[in-house]
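Chains, contacts and geometry: an overview
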Amino acid sequence: MTSRGSYKLVEDVCDSRVPLHSEEAFQFGIHFQAKYVGCLDVQRPTSRMEIVSAMRRIRYEFKAKNIKKRKVNMTVSVDGVRVTLRKKQKRKEWTWDESKLLVMHDPVYRIFYVSHDSQDLKIFSYIARDGVSNTFRCNVFKTKKKSQAMRIVRTVGQAFEVCHKLSLQRAEETADREVDGQADGASDRRSEEWRADGTSSQSPRETPCGGTLEHLQRALPQLQQVIIL
């Protein structure tokens, strides 16, 4: 038996090594409901202790300021983690502006860490790098059930794996197209007519997809593996 203050594992029939969702599901988005505690800028953490410390500091500071948690919808997809306010639709309002409800939207490649709080497994957070200031921001959430928090953490981790796999596939496809394009270019050069001065009558062929492959090759090493603690 574990002591009251020790880390208690959530009972989950799913093996953590088995993906929770199909890869296709991330194209459409996987939806969750939670409460948004708050966020603060933090230094890039180098240990689990620093991550948990930041998470708890945010909880205590927002509680001390009497800032209420906000009900939010969280969508995890290949586009990233999107968090919007959860509001009831009034009878007279047929639609609403989602941009006004948007709390945050972090692309997957900017998410560095996602973790539970070992003292309260309903609490989880993820740390992302801001696209403008490049500072690290810790976002803290709370769910009704421990199992729900675990599913969200694992889903964010799987989203990173899916995006990384897609990036590799696209890089391979781009490389194949470039090889095919070079072969076609060689064939065209053999069949084209040349002017008397030895210059070609056709303009040089452009490399297929431009610098797409080079861009992916530069981006792939920068992808950071999500650490699930």
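The protein chain is annotated in an unreviewed UniProt entry as Carboxyl-terminal PDZ ligand of neuronal nitric oxide synthase protein from Callorhinchus milii.

Further remarks concern the overall build of the protein chain. Of the regular secondary structure elements, the protein chain holds five helices and eight strands. In sequence order, the protein chain lays out its α and β elements as α-β-α-β-β-α-β-β-β-β-α-α-β. A sequence separation of at least 24 residues applies to 66% of the contacts in the protein chain between residues at least 6 apart. Of the roughly 15,500 Å² that the protein chain leaves accessible, carbon and sulfur atoms contribute 50%.

A separate point is the pairing of strand β2 (residues 70-77). Bridge count for strand β1 (residues 30-42) against β2 is seven bridges, and the pairing is antiparallel. Bridge pairing in β2 places Lys35 opposite Lys71. Direction of pairing for β2 relative to strand β3 (residues 80-85): antiparallel, over a ladder of six bridges. Its bridge partner lying in β3, Thr75 is registered against Arg82. Two successive antiparallel strands, β2 and β3, enclose a turn made up of two residues.

So, about unusual backbone geometry. Positive phi values are uncommon outside glycine, yet Asn66 reaches one of about 60°. In this fold, Asn66 is placed in the loop between α2 (48-64) and β2.

So, about the side chain of Asp106. Secondary-structure assignment places Asp106 in strand β4 (residues 102-106). Given the relative accessible area of 5%, Asp106 is considered buried. Among the polar contacts made by the side chain of Asp106, one reaches the side chain of Tyr126 at a distance of 2.6 Å. Once residues within four sequence positions are removed from consideration, Asp106 is found in contact with Asp79, Gly80, Val81, Ile111, Tyr126, Ala128, Arg137 and Asn139.

Let's shift gears to the packing of aromatic side chains. Aromatic ring pairs are reported here in terms of the distance separating the ring centres and the angle at which the planes meet. Tallying each qualifying case throughout the model produces four aromatic pairs. Aromatic side chains Tyr36 and Phe141 sit 5.3 Å apart centroid to centroid with 40° between the ring planes, which places their arrangement in the tilted category. With Tyr36 in strand β1 and Phe141 in strand β7 (residues 136-142), this residue pair connects regions lying 105 residues apart in the sequence. Plain terms: the ring middles of Phe124 and Phe141 are 5.3 Å apart, the flat faces sit at 15° to each other, and that makes the pair stacked. Highlighted residues: Phe124 in strand β6 (residues 120-129) and Phe141 in strand β7, separated in sequence by 17 residues. The structure contains a cluster of three or more aromatic residues connected by ring pairs, namely Tyr36, Phe124, Tyr126 and Phe141.

The rules behind the values
Residues numbered from 1 in each chain as written. Predicted model: local features only at pLDDT ≥ 70, side-chain atom pairs only at ≥ 80, totals over all residues. Heavy atoms only, no water. Helix = DSSP H or I, 4+ residues; strand = E, 2+ residues; numbered from the N terminus. Contact = heavy atoms within 4.5 Å. Areas by Shrake-Rupley, 256 points an atom, 1.4 Å probe, with all protein chains shown as cover. Pairing = 2+ DSSP bridges. Buried < 20%, exposed > 50% of the residue type's maximum accessible area, 1.4 Å probe, protein only. Polar contact = N/O pair within 3.5 Å; in protein donor to acceptor, adjacent residues only side chain to side chain. Phe/Tyr/Trp six-rings, centres within 6.5 Å; stacked < 30°, edge-to-face > 60°.

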